[in-house]
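Structural characterization, general
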Amino acid sequence: TFNYMRQNTLLIRLLLVFVAVMIFAMLAARYYDTVVLPGYREELSDIQKPISEIKLFTEVIQIGDRNVTVLVADTPEEHKQGLSGRTGLGPDEGMLFVFQKDDLYGIWMTDMKFSIDIVWLSLTGKVITIEPNVSPQPYPRSFTPQAPARYVLDLPAGNAHRHTFNV
């Protein structure tokens with residue numbers, strides 16, 4: 001009987017340790033849901049905002065001898081949205097993607113409704129690569145520059161040649 005009681009005591013101790021570990025795991029999960037996840041959920045909801053709620057600012061830039069009014073996309077959310085869902089751009093309009101460092105930034109045509117010219121520029125405004133007349137059909141193909149760039153300028157298809165670009 002002594003050996004039987006000793007086995008039961010060991011079993012009870014193991015059961016208590018198991019219960020304690022389960023309680024700790026539940027408390028940790030509740031802490032994670034209430035403290036860590038709310039901010040993460042807010043970030044996700046910002047990314048999923050429709051373009052009408054993401055307030056892009058416009059800037060007039062000079063390209064050669066012409067002025068172009070550009071929508072400036074300088075956040076990851078705005079980069080992701082790009083020109084998706086828009087119906088077009090005027091002849092002297094575009095979108096300027098501003099990045100924090102030089103890199104090989106790829107551009108793709110998610111939910112695009114019109115063709116564009118894509119121009120990659122250095123920090124000083126020197127043209128790195130021009131990809132003309134990119135149509136929406138090649139999605140999910142990604143277009144990348146020949147060398148790292150700081151900016152990407154999207155123009156209506158056929159308009160890159162209207163500006164003084166020297167590659």
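Here is a short report on the structure shown in this document. Predicted, not measured: the structure shown is a model, and the values here were computed from it. (Residues numbered from 1 in each chain as written. Predicted model: local features only at pLDDT ≥ 70, side-chain atom pairs only at ≥ 80, totals over all residues. Heavy atoms only, no water.)

Another point: the pairing of strand β8 (residues 149–156). Judged by how many residues are buried, β8 sits mostly within the fold: seven of eight residues are covered. As defined by bridge partners, strand β3 (residues 93–103) adjoins β8 across five bridges and the pair is classed as antiparallel. Across the sheet, the residue bridging to V98 is Y151, located in β8. Two elements, strand β5 (residues 116–121) and β8, share six bridges in a ladder whose sense is antiparallel. Residue pairing for β8: L121 is matched across the bridge by Y151. (Buried < 20%, exposed > 50% of the residue type's maximum accessible area, 1.4 Å probe, protein only. Helix = DSSP H or I, 4+ residues; strand = E, 2+ residues; numbered from the N terminus. Pairing = 2+ DSSP bridges.)

Let us now look at the layout of surface pockets. In this structure, the largest pocket spans a volume of roughly 260 Å³. Around the largest pocket sit 18 residues that line it, and H79, K80, F97, I107 and W108 are the ones nearest its centre. Of all the elements in the fold, those that place two or more residues in the lining of the largest pocket are α2 (76–81), β3 and β4 (107–108). The greatest single-element share of the lining of the largest pocket, amounting to four residues, is contributed by α2. (1 Å grid on protein atoms, 1.4 Å probe; cavity = no way out; pocket = protein on both sides within 12 Å on 5 of 7 lines; lining within 4 Å. Points joined across faces, edges and corners; volume = space filled by probe spheres on them.)

Further remarks concern the side chain of T129. Among the structural elements, T129 can be located in strand β6 (residues 127–134). T129 sits in the buried class, given a relative accessible area of 5%. Here the side chain of T129 touches Q146 through a polar contact of 2.8 Å, landing on its backbone nitrogen. The residues contacting T129, other than those within four sequence positions of it, are I118, V119, W120, P145 and Q146. (Polar contact = N/O pair within 3.5 Å; in protein donor to acceptor, adjacent residues only side chain to side chain. Contact = heavy atoms within 4.5 Å.)

For the coordinates displayed, the defined rule picks out four salt bridges. Its salt-bridge partner being D102, residue R150 comes within 2.9 Å of it at the nearest N-O pair. Within this pair, whereas R150 is found in strand β8, its partner D102 is found in strand β3, the two being separated by 48 residues in sequence. D111 is paired through a salt bridge with K113; the nearest N and O atoms lie 3.5 Å apart. (Salt bridge = Lys/Arg side-chain N within 4 Å of Asp/Glu carboxyl O.)

The pairing of strand β1 (residues 57–63) with strand β2 (residues 66–73) spans seven bridges and is classified as antiparallel. Opposite Q62, over in β2, you have N67 as the bridge partner. In this antiparallel pair of consecutive strands, β1 and β2, the connection spans two residues, and G64 shows a positive phi of 65 degrees.

It is worth spelling out the side chain of R150 at this point. R150 gets classed as buried once you look at its relative accessible area, which sits at 17%. Contact partners of R150, with chain neighbours within four places excluded, come to F97, V98, F99, Q100, K101, D102, L121, S122 and L123.

A separate point is the nonpolar core. In this structure, L83, M95, I116, I118, W120 and V152 are the most contacted members of the largest nonpolar core, which totals 21 residues. Those elements that provide at least two residues to this core are β2, β3, β5, β6 and β8. With near-sequence residues (within four places) excluded, I118 lies in contact with I107, T129, I130, E131, V134, F143, V152, L153 and D154. Counting residues in each nonpolar core, the second largest holds twelve residues, with I63, V70, V72 and L155 among its members. (Core = buried A, V, L, I, M, F, W, Y, C linked by side-chain atoms within 4.5 Å.)

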